[in-house]
Amino acid sequence: MNHIDAEKLVTIWEDRRAVQNLMGIFSGHYLLKKEKNIVAEMFSGRADISLGINTGYYEGREAVEGYYEAIHQKNLLTTKLIMSKYPEEFKDKTPEEAYGCGLLNYKPLDTPVVEIAGDGKTARGIWTCRNSYSDLTTGGPVTFYEWGWVAADFVREETGWKIWHLLILNDVHVQAGLEYYEADKPYPPVPGFEDMAEFRMPEPNVKVTLRESYSPNRPRTPAPEVPKPYETFDPACSYGRKEA
Amino acid sequence: MRYNVHYTDEENAVRLMDVETVKDLLARRAYYLDGGDYAGELRDLWVQDPEKRKTASYGENWGYLVGMESLEKKYAGRNVPETGWGAVHTVNTGHVHLAYDGKTARGLFYDVYECSASRPDGTAETIVVCGPLACDFIKEDGGWKIWHLFQGADHVFTVGEPYAEVPIPRPDASNPVAREFPEPDVPLKTYDPDYGWADNYPPMPDPYYTFRPEESYGPEGHPDYVKEVTFS
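Residues numbered from 1 in each chain as written. Chains lettered and ligands numbered in written order. Predicted model: local features only at pLDDT ≥ 70, side-chain atom pairs only at ≥ 80, totals over all residues. Heavy atoms only, no water.

A. Up close: the packing of aromatic side chains. All names here are of chain A. If you walk through the whole model with that rule in mind, you get 17 aromatic pairs over all chains. Seen in terms of ring centroids, Y58 and Y67 are 4.8 Å apart; in terms of plane orientation they differ by 55°. Their pairing is tilted. The burial state of Y58 is the same as that of Y67; both residues are buried. Pairing Y67 with Y68 gives two aromatic rings, centres 5.0 Å apart and planes at 85°, and the pair type is edge-to-face. Across the pair, Y68 and Y67 agree in class, each one buried. Through successive ring pairs, a cluster of aromatic residues spans F26, Y30, F43, Y58, Y67 and Y68. The cationic tip of K85 hangs over the ring face of F193; the distance from NZ or CZ to the ring centre is 5.6 Å. For K107, the ring lying beneath its charged end belongs to Y30, and the centroid distance is 4.8 Å. (Phe/Tyr/Trp six-rings, centres within 6.5 Å; stacked < 30°, edge-to-face > 60°. Buried < 20%, exposed > 50% of the residue type's maximum accessible area, 1.4 Å probe, protein only. Lys NZ or Arg CZ within 6 Å of the ring centre and 35° of its normal.)

B. Spotlight on the environment of P112 of chain A. On the secondary structure map, P112 of chain A appears in strand β4 (residues 109–116). Ignoring any residue separated from it by four or fewer positions in sequence, one finds P112 of chain A in contact with Q20, I126 and W127 of chain A together with D24 and A27 of chain B. (Helix = DSSP H or I, 4+ residues; strand = E, 2+ residues; numbered from the N terminus. Contact = heavy atoms within 4.5 Å.)

C. Local environment of the nonpolar core. Within the largest apolar cluster, 43 residues are counted, with the highest numbers of intra-cluster contacts made by W46 and F137 of chain B. Counting residues per element, the ones that place at least two in this core are α1 (9–34), α2 (38–45), α4 (68–75), β3 (85–98), β4 (104–118), β5 (124–140), β6 (143–151) and α5 (176–180) of chain B. The residues touching W46 of chain B, leaving out its near neighbours within four places in the chain, are E41, A56, S57, Y58, M68, L71, K145, I146, W147 and L149 of chain B. V19, L22 and I116 of chain A together with M17 of chain B belong to the second-largest nonpolar core, a separate cluster that totals 35 residues. (Core = buried A, V, L, I, M, F, W, Y, C linked by side-chain atoms within 4.5 Å.)

D. Summary view of the pattern of salt bridges. The final tally for this structure, using the stated rule, is 28 salt bridges over all chains. With a closest N to O distance of 3.1 Å, R124 of chain A and D153 of chain A form a salt bridge. Here D153 of chain A lies in strand β6 (residues 140–157) and R124 of chain A lies in strand β5 (residues 122–137), a separation of 29 residues in the sequence. Across the pair R218 of chain A and D171 of chain A runs a salt bridge, and its minimum N-O distance is 2.6 Å. Of this pair, R218 of chain A sits in the segment after β8 (206–207) while D171 of chain A sits in strand β7 (residues 160–175), placing them 47 residues apart in sequence. This pair shows no difference in class: R218 of chain A is buried, exactly as D171 of chain A is. Three or more residues joined by partner-sharing salt bridges are found here, namely R16 and E115 of chain A together with E20, D24 and R28 of chain B. (Salt bridge = Lys/Arg side-chain N within 4 Å of Asp/Glu carboxyl O.)

E. Representation of a nonpolar patch on the surface. All names here are of chain A. A cluster of nonpolar side chains, L31, L32, L104 and Y106, forms an exposed patch at the surface whose accessible area comes to about 370 Å². Structurally, Y106 is set in strand β3 (residues 104–106). Classification of Y106 by relative accessible area gives partly exposed; the value is 38%. (Patch = residues over 30% accessible without salt bridge, like charges linked within 9 Å, V, L, I, M, F, W, Y side chains within 5 Å. Areas by Shrake-Rupley, 256 points an atom, 1.4 Å probe, with all protein chains shown as cover.)

This is the structure:
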């Protein structure tokens, strides 16, 4: 390593800690059903933010906001259906107080690799995520397991580090109780939860396969790129869509 | 043991970043494993110094591979199928001590991972493994490197099979992780998950002044290791 003075070293250390804290708070927003606040509180104010998932990118502020707004709408719908289904349990709760009931989604982020750009303006990081979440379906609550990665480009703004380009990629997404190569098996419909059939997440506005989930026929696939030390942001090494 | 050592602000800053760097190094290893790139892991993350290469080691419950030549042949030489293979390692709970002399570091982590491989009938077997990950790190000219690594297996679940039906003690023949472990250079029952962590191996690192092989995560650091001596 080239010689770096003590003040610079401590600044790098603090920046890495700040980026990791940001992603810890990001993870907590899923647990606490505060997804609707994620863009405003955690993403950059830039117009060119993005979110990539296995099937493509939500590119641009409107698309990313639409993704998290859809999760919020799902939370509202789920809350309404569960409160209606179990009126006795919720007789003392307002919909606002019961918001997010019946859902659990925590994204524990492990295995951090974070690089702060030499110019200090941006950062890149990747984490592994061993997730389980419970969802309300037409067949009642169902739990899914996920194994994958969360990666991001970050940008330093006046209020601190913010997410610029986010990737949430699953290698495995499987319904609890099934083998990892099996397709989901919906449960028989449960009266009162029919409206869940109408809910759909918005499709990515850039449809491209970013990660093919595991199957017995899938070619061996490396993990997403791990950040290397870098001096300044290069769009060719971004967790957003690469420029052609 | 505590040592009365004074560091300048600059030395403290370097030590702060050294701890961060060894955590980063072990995290990077996970992504090589996720892609099945064992050779790349050895090339990029492990010791390069010729003398240290001779004593580098990789251990699992059943013994140790010793020397980079052995690791390159046996560890990196393991068959990773081109189709139907996948893995994700999640490394957490890091606990690191940097030697007071600043030349080495020791860390104990935990790794929860899944690994899937296709079967000839078009299905796949997935195992989920939970186990300790212990490492001696050493600072070389090119930065921090892995020197001795121990990857234990506490729980080995086969997805879809009731864990309650796994026999205790578990025969190696029924353990997918044991079946994959190459012929060790130092065969040793290093870690027995039937008895949990009561044997305290790999031990939690303590503050230490300088590296000593008998305190390492290599074979010489195992309490049951007996060095073979030939009398002529």
